[in-house]
Amino acid sequence: MRAGDRLPPLEIPVTRTLIVAGAIASRDYQDVHHDPDLARQKGSPDIFMNILTTNGLVGRYITDHFGPRAQLRRVAIRLGAPNHPGDTMVLTGTVEEVDGDTATVRVVGANGLGEHVTGTVTVRVPA
Amino acid sequence: MNGEPEVHEEFEARLKAYEGRSAAATGVGRDPVNEPMIRHWCEAMGDTSPAYTGPDAIAPPTMLQAWTMAGLTSRPERTAAYDELLTLLDESGHHAVVATDCEQEYLRPLRPGDEITFDSVIESVSGRKATKLGAGYFVTTRTDVRANGEPAGTHRFRILKYAPAHRSSKPAERRPRPVVNRDNAGFWEGVARHALLIQRCTTCTTLRFPWLPGCGTCGSPDWDTVEASGEGRVYSYVVMHHPPFPAFEPPYAVGLIELAEGVRIVSNVVGVPYDKVRIGMPVRLEFRRYDDELVLPVFQGVTP
């Protein structure tokens, strides 16, 4: 674990099922995450992934890589282009800083429209 | 909304007055931290980490906010101040909402059985911002989450309350126009009278498509045309889902069509569902009018 290390990319097919399952698993019943007609009325071409799902996927990306002993300390994300059904999000990560057993990882999730999510994750990886 | 700047300023001052006020007071998680919700979360996320199963399971830390969500029920913990702020925004036309930022810090793992309580404060309300979705205001709240009364994490959340820029009220978008030039004008003249013309080299008789000034086989600049019979088959295809382009309604199939004459042309496969298009599917040429000046050759799929 060294600054500059790149994590292998993770491809997430953005299916309608993933969007709806993520919304329900996070108890988020905002209509734009499950009802295409109401999403369109609000100016979106289709339903889109909620931020809690994106957050969960970013967390999974980090712990998949660093293993089950890794402890997430902080996840800070910002959303950009929405994740619509039919798209694919590719998560990539770079270790920015290492302090003892704690790393800060810069994460970007890009889809067909651009950058869906950018953020940083602080993770402790006990030796 | 009134567009006068001083009106914006007065409205923004009213919104700013909510900064620092409580948004949720002594909220109680609808359920204690529990295995079924953890399992549903992990299934949705495709998260197979062993840390989240078994007798020593913890909840995925990124679930922090999920334990505070009301679901389909009302939110008794929400304060009158936060309701007022959202109502002010709703009534001024900013009724749509989208989350933009989330920042979580985890102080201790959550385990099945932990009782969740939380308090939330309105940290900031932005000035009016123009965004792709529409103009609106960013509202940032910070929530302190406790488990069995101990600090378990904090969670900063930013939403955009906006007035949707209605796309549907705009005039219908037109398809892009073809680029017609000296080299391909004859092709488009043919299309206009519903004939799909293929160039033929008059020196070596090789057919060529799309239209080019010279023969790719013998280099001769001399050519005439033959009219396609209209029969063909799908040589290859893609289905367009995203991104959607103006005047196109995804999903739709774009085929590389091999004409009976042997040359290939890219166009839409129409008349069959996009997911029924297959390599080898027979197709028949037809001309479709898309607006008052645009006619295009497309291919009707022939299902067995």
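Parameters at a glance
- Residues numbered from 1 in each chain as written.
- Chains lettered and ligands numbered in written order.
- Predicted model: local features only at pLDDT ≥ 70, side-chain atom pairs only at ≥ 80, totals over all residues.
- Heavy atoms only, no water.
- UniProt positions renumbered as here; feature names shortened; annotations may be inferred.
- Core = buried A, V, L, I, M, F, W, Y, C linked by side-chain atoms within 4.5 Å.
- Buried < 20%, exposed > 50% of the residue type's maximum accessible area, 1.4 Å probe, protein only.
- Helix = DSSP H or I, 4+ residues; strand = E, 2+ residues; numbered from the N terminus.
- Contact = heavy atoms within 4.5 Å.
- Pairing = 2+ DSSP bridges.
- Axes fitted to C-alpha atoms, helices over the stretch in contact; angles between N-to-C directions.
- Arc of directions from axis to C-beta.

For chain B, the name recorded in an unreviewed UniProt entry is Putative OB-fold protein, with Streptomyces luteogriseus as its organism.

An unreviewed UniProt entry annotates chain A as Acyl dehydratase originating from Streptomyces luteogriseus. Recorded in UniProt for chain A, the comment headed Sequence similarities (unreviewed entry) runs: "Belongs to the enoyl-CoA hydratase/isomerase family."

Q: Can you help me understand the nonpolar core in this one?
A: A general feature of soluble globular proteins is that nonpolar side chains tend to end up buried together. The biggest cluster of nonpolar side chains holds 81 residues, and the ones touching the most others in it are Ile62, Phe66, Leu91 and Val123 of chain A together with Trp67, Leu85 and Leu110 of chain B. If one sorts the elements of this core by residue count, helix H3 (residues 51-66) of chain A sits on top with seven residues. Those residues in contact with Leu110 of chain B that lie beyond four places of it in its chain are Val33, Ile58, Ala59, Leu64, Trp67, Ile116, Ala147 and Ala152 of chain B.

Q: Is there a simple way to explain the sheet that holds strand E2 (residues 71-79) of chain A in this structure?
A: One key point about sheets: their strands pair by backbone hydrogen bonds, in either a parallel or an antiparallel sense. Taken together, the ten strands give an open sheet; going across it, the order is E1(A)-E3(A)-E4(A)-E5(A)-E2(A)-E2(B)-E5(B)-E4(B)-E3(B)-E1(B), and neighbouring strands pair in antiparallel fashion. In this open sheet, the two edge strands, each paired with only one partner strand, are strand E1 (6-14) of chain A together with strand E1 (22-28) of chain B. Each strand axis lies, on average, 20 degrees off the axis of its neighbour in the sheet, ignoring direction. Looking at chain direction, E1 of chain A and strand E3 (residues 87-99) of chain A are connected through seven bridges and run antiparallel. Within E3 of chain A, the position partnered with Ile12 of chain A by the bridge is Met89 of chain A. Along the sheet, H3 of chain A makes contact with E1, E2, E3, strand E4 (102-111) and strand E5 (114-124) of chain A together with strand E2 (96-106) and strand E5 (150-162) of chain B, crossing E1 of chain A at roughly 140 degrees.

Q: Sorry if this is basic, but what is going on with helix H1 (residues 16-25) of chain A here?
A: Along an α-helix, a turn takes 3.6 residues, which lines up residues three or four apart on a common side. All of the buried residues along H1 of chain A are Leu18, Ile19, Gly22, Ala23 and Ala25 of chain A. Across the axial projection of H1 of chain A, the buried residues extend over an arc of 165 degrees, all falling on one side. Tucked inside the fold, the buried residues of H1 of chain A contact E1 and H3 of chain A together with helix H2 (35-45) of chain B. Looking at the residues trailing H1 of chain A, positive phi occurs at Arg27 of chain A, about 60 degrees.

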